[in-house]
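Chain and residue survey
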Amino acid sequence: MPTTAPHALSDVTASDSTLRRFLHGLPGVDAVGLEARAASLGTRSIKTTAKAYAIDLAISMVDLTTLEGADTPGKVRALGAKAVRPDPTDRSAPATAAVCVYPDMVATAKEAVAGSTVKVASVATAFPAGRAPLSVKLADVREAVAAGADEIDMVIDRGAFLAGNYMKVYDEITAVKEACGTDARLKVIFETGELSTYDNIRRASWLGMLAGADFIKTSTGKVAVNATPANTLLMLEAVRDFRAQTGIQVGVKPAGGIRTSKDAIKFLVLVNETAGEDWLDNHWFRFGASSLLNDLLLQRQKLATGRYSGPDYVTVD
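Heads up: these notes are all about the structure in this document. Sequence order as written defines the numbering, with residues in each chain counted from 1. At least 70 in pLDDT is required for a residue's local features to be given in this predicted model, at least 80 for side-chain atom pairs to be given and counted, and no such filter applies to totals for whole chains, interfaces and linings, which use all residues. Note that water and hydrogens are dropped before the side-chain values are worked out from all heavy atoms of the structure.

Overview of the overall build of the protein chain
- Starting at the N terminus, helices and strands are each numbered in turn, a helix being any DSSP run of H or I of at least four residues and a strand any DSSP run of E of at least two. Each helix and strand counted, the protein chain has 12 helices and eight strands in total.
- Its C-alpha atoms give the protein chain principal-axis dimensions of roughly 60 × 45 × 35 Å.
- Residues counted as buried form 54% of the 317 residues belonging to the protein chain.
- The long-range fraction of contacts in the protein chain, counting pairs at least 24 apart against all pairs at least 6 apart in sequence, stands at 76%.
- A 1.4 Å probe and the Shrake-Rupley method give the accessible areas. Residues count as covered only by the protein chains that appear here. For the protein chain, the accessible area works out to roughly 13300 Å², and carbon and sulfur atoms hold 52% of it.
- Only four residue types enter the tally: Lys and Arg on the positive side, Asp and Glu on the negative side; His and the chain ends are excluded. Taken as the charge location is NZ of Lys, CZ of Arg, CG of Asp or CD of Glu. Across the protein chain, 35 positive and 36 negative side-chain charges occur, with their mean positions spaced 4 Å apart. Buried residues are those whose accessible area, probed at 1.4 Å on protein chains only, stays under 20% of the maximum for their type, while exposed residues exceed 50% and partly exposed ones sit between those limits. Any pair of residues with heavy atoms lying within 4.5 Å of one another is described as a contacting pair.

Here you go:
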């Protein structure tokens, strides 16, 4: 079984029974309290200078994403150009954190962002369903890393997790982490909309971190329920508590359904008020999105000029 670096909780993964005992020993989630706190934090008002800072910070945290069967090299090159320079008319606009593509488009994306700070992320492990033998999943990862991926976004086996086969999920994550080598960071996607309960989301968060995830991520964006303030708040609590116990910091990536600047700023408030300022950086927090960047750019232009730009101001993704 692949292993991760020792830390204060390493013993809980010694066997299936110890892992199960630990995960089911986590405190139960107060769903009403969780949703009320997420809603309350979402009402915070941010104005003027603070809003401008938040918009630029959000832009810098976007994983600009295209994950469609109709993706072409031309589309990926255009996406890369937009990630590097989101607003061609304003060089002060920050670049996005990354572009996220399928493994066969990694080399094209890498070329498109060459010389910039923009990373190339690739979904892998039979995204989005994750229904493939481990050997196929690992080959998927290795090919993406060999093509130049800086980050791998893997999906867990939700069927195994929901069946209570936690050690299988743990082993797959550690094997994928090993396949990433030292060149790529690993984001572990739970597909929170399929996990049914907040207790399961909390367990999945700790399982992913115990297995060596560099990021925990809500969703693929391919199901009905994706990132929500409540499930993201729960994951932020998990990374905060995991660092307190192990000294290891893990990032969080809500993905799917975040489309407006107002939405993004609400999530940044969640980060600040729950995990703290250490996570207000694109090394530790990301937005998985395709259309969010356009609204952030329109709102940025509004703050700069006092008026909204026309519909042709930004490209349509």
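Following the structure, the description resumes.
Side note on the packing of aromatic side chains
- We call Phe, Tyr and Trp rings a pair once their centres come within 6.5 Å, taking the six-membered ring for Trp, and we label the pair stacked below 30 degrees between planes, edge-to-face above 60, and tilted otherwise. On inspection of all chains with the given rule, the structure shows six aromatic pairs.
- With a centroid separation of 6.1 Å and 75° between ring planes, the pair formed by Tyr-102 and Phe-127 is classed as edge-to-face. With Tyr-102 in the loop between β2 (98–101) and α5 (106–112) and Phe-127 in the loop between β3 (119–124) and α6 (134–146), the pair connects residues that are 25 residues apart, well separated along the chain.
- Residue classification places Phe-127 among the buried residues on the basis of a relative accessible area of 10%.
- Following the ring pairs from residue to residue traces out a cluster consisting of Phe-22, Trp-206 and Phe-242.

Quick notes on the sheet that holds strand β6 (residues 215–217)
- Across the sheet, eight strands lie side by side as β7-β6-β5-β4-β3-β2-β1-β8; this open sheet has parallel pairing. Two strands close off the open sheet at either side, each with one partner strand: β7 (251–253) and β8 (287–289). Averaged over neighbouring strand pairs, the angle between their axes works out to 25° when direction is ignored.
- In terms of strand pairing, β6 meets β7 through three bridges, oriented parallel. Residue pairing for β7: Ile-216 is matched across the bridge by Val-252. When DSSP finds two or more bridges between two strands, those strands count as paired. To get an axis, fit a line to the C-alpha atoms, keeping to the stretch in contact for a helix; angles then go from 0 to 180 degrees between the N-to-C directions.

Concerning the nonpolar core
- The term nonpolar core refers to a set of buried residues drawn from Ala, Val, Leu, Ile, Met, Phe, Trp, Tyr and Cys, joined through side-chain atoms within 4.5 Å. Core analysis: the largest hydrophobic core is formed by 94 residues, its most contacted members being Val-99, Ile-152, Trp-206, Ile-216, Leu-268, Phe-285 and Phe-287.
- The element contributing the most residues to this core is helix α8 (residues 166–180), with nine residues.
- With residues near it in sequence (within four places) discarded, Ile-216 still touches Val-188, Phe-190, Ser-205, Met-209, Met-235, Val-239, Val-250, Gly-251, Val-252 and Lys-253.
- One finds Leu-67, Cys-100, Val-123 and Val-155 within the second-largest nonpolar core, a separate group that totals seven residues.

Notes on the pattern of salt bridges
- By definition, a salt bridge exists where a carboxyl oxygen of Asp or Glu is found within 4 Å of a side-chain nitrogen of Lys or Arg. With the rule as written, the count across this model stands at 22 salt bridges.
- The shortest N-O distance in the salt bridge between Glu-172 and Lys-137 comes to 2.9 Å. Of this pair, Glu-172 sits in helix α8 while Lys-137 sits in helix α6, placing them 35 residues apart in sequence.
- For Glu-172, a relative accessible area of 7% puts it in the buried group.
- For Lys-137, a relative accessible area of 1% gives the class buried.
- One salt bridge in this structure joins Glu-194 and Arg-158, with 3.0 Å as the shortest N-O distance.

Thoughts on the packing of helix α2 (residues 31–41) against helix α10 (residues 229–246)
- Two elements in contact, α2 and α10, have axes separated by 9 Å at closest approach and are oriented at 100°. Between α2 and α10, the interaxial angle falls into the category roughly perpendicular. In contact with Leu-34, Glu-35, Arg-37 and Ala-38 of α2, α10 contributes Pro-229, Ala-230, Leu-233, Leu-234 and Glu-237.
- Its residues assigned to classes, the contact of α2 with α10 shows six nonpolar, no polar and three charged. Oblique is the label for every angle not falling under 35 degrees (roughly parallel), over 145 degrees (roughly antiparallel), or within 65 to 115 degrees (roughly perpendicular). In this classification, Asp, Glu, Lys and Arg are treated as charged, Ala, Val, Leu, Ile, Met, Phe, Trp, Tyr, Cys and Pro as nonpolar, and every other residue, Gly included, as polar.

Remarks on helix α3 (residues 48–60)
- Each helix should span, by expectation, one fewer than its residue count multiplied by 1.5 Å. In this model, α3 (13 residues) spans 19 Å end to end at C-alpha, consistent with the 18 Å of a helix rising 1.5 Å per residue.
- Within α3, the full set of buried residues consists of Ala-54, Ile-55, Leu-57, Ala-58, Ile-59 and Ser-60.

Let's talk about unusual backbone geometry
- Cis geometry is adopted by the peptide bond preceding Pro-128, which originates at Phe-127 and carries an omega value of 0°.
- Along the polypeptide, Pro-128 turns up in the loop between β3 and α6.
- Here Thr-125, not a glycine, exhibits a phi torsion of approximately 60°, which is positive.
- The class of Thr-125 is buried, set by a relative accessible area of 0%.
- Of note in this structure, Ala-126 is not a glycine but carries a positive phi near 60°.
- Residue placement: Ala-126 occurs in the loop between β3 and α6.
- Taking the relative accessible area as the measure of exposure, Ala-126 reaches 25% and is therefore partly exposed.

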